[in-house]
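# Summary of structural features
Below, each chain spelled out in residue letters.
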Amino acid sequence: MTTLPLMPKATAVWLIEKTALSFEQIAAFCGMHPLEVQAIADGEVAHGIVGYDPVANHQLKQEEIQRCEKDPNARLKILPSNNPVRRRSKGARYTPVAKRHDRPDGIAFLLRNYPQLSDQQVVKLLGTTKDTIAKVRNKQHWNTPNIKPRDPVTVGLCSQTDLNAAVHEANMRLEREGQEIPAPVTDTETFSASEN
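Residues numbered from 1 in each chain as written. Predicted model: local features only at pLDDT ≥ 70, side-chain atom pairs only at ≥ 80, totals over all residues. Heavy atoms only, no water.

## Considering the packing of helix H6 (residues 119-126) against helix H7 (residues 130-137)
Packing of H6 against H7 leaves a shortest axis separation of 9 Å and a crossing angle of 110°. Taken as axis vectors, H6 and H7 run roughly perpendicular relative to one another. Handedness of the crossing formed by H6 with H7: right-handed. Residue-level contacts link Asp119, Gln120, Val122 and Val123 of H6 to Lys130, Ile133 and Arg137 of H7. (Axes fitted to C-alpha atoms, helices over the stretch in contact; angles between N-to-C directions. Helix = DSSP H or I, 4+ residues; strand = E, 2+ residues; numbered from the N terminus. Parallel < 35°, antiparallel > 145°, perpendicular 65-115°, else oblique. Left-handed = near helix turned anticlockwise from the far one by under 90°. Contact = heavy atoms within 4.5 Å.)

In structure tokens:
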């Protein structure tokens, strides 16, 4: 996996203006096409983008630039980052304001289709609270008449990978405890239950 510099277009602008590197070298370093780098140099692309100095920002060393200026076949090598970006693995997820009204629908879907999930797993998946889950479960939520169970993955509240991992973890917990894993609800069961 190739690591790209921070702000590749701005870095390309700086390298074009301040170095004698070829378009191919700059394109390879910034993850761009050589024609795009040439368009930046011609002023057709990246109007108003201020150059981003990769040397001052500890992504390159001046010696590395000089080495590549002498050899047109050489490629720039980015310095390893001291503080790589870490993915958050714990805590509730942030849900955009536009999708918050979909959370009760997602909770209802998970409670109906995956009863083996613990409240804590639902909290982590959807970024909600245990109080909201209890209100949806007991039909005491303020918007209960309008709640329609909808898949939180298709609504965009969580990823399919995270949901699958949570269901697998819940199933493993039930197996350890010697309990039966509930069968998934099918669409025909849903329709027959809603008709009664």
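## Remarks on the environment of alanine 74
With respect to the helices and strands, the residue alanine 74 is situated in the loop between helix H4 (62-70) and helix H5 (103-113). With relative accessibility at 8%, the residue alanine 74 sits in the buried group. Note: C-alpha distance between alanine 74 and glutamine 25 (49 residues apart in sequence) is 7.5 Å. Aside from chain neighbours lying at most four places away, what touches alanine 74 is Gln25, Arg67 and Cys68. (Buried < 20%, exposed > 50% of the residue type's maximum accessible area, 1.4 Å probe, protein only.)

## Some remarks on H6
Those residues of H6 not exposed but buried are Gln121, Val122, Val123, Leu125 and Leu126. The elements touched by buried residues of H6 are H5, H7, helix H8 (152-155) and helix H9 (160-177). Phi turns positive one or two residues past the end of H6, at glycine 127, with a value near 65°.

## Considering unusual backbone geometry
Phi angles above zero are rare outside glycine, and histidine 58 is one such case at about 60°. Inspection of the secondary structure puts histidine 58 in the loop between helix H3 (34-42) and H4. Positioned with a positive phi, lysine 139 is a non-glycine residue whose angle comes to about 55°. Here lysine 139 shows up in the loop between H7 and H8.

That's the geometry; what it means functionally is another story.
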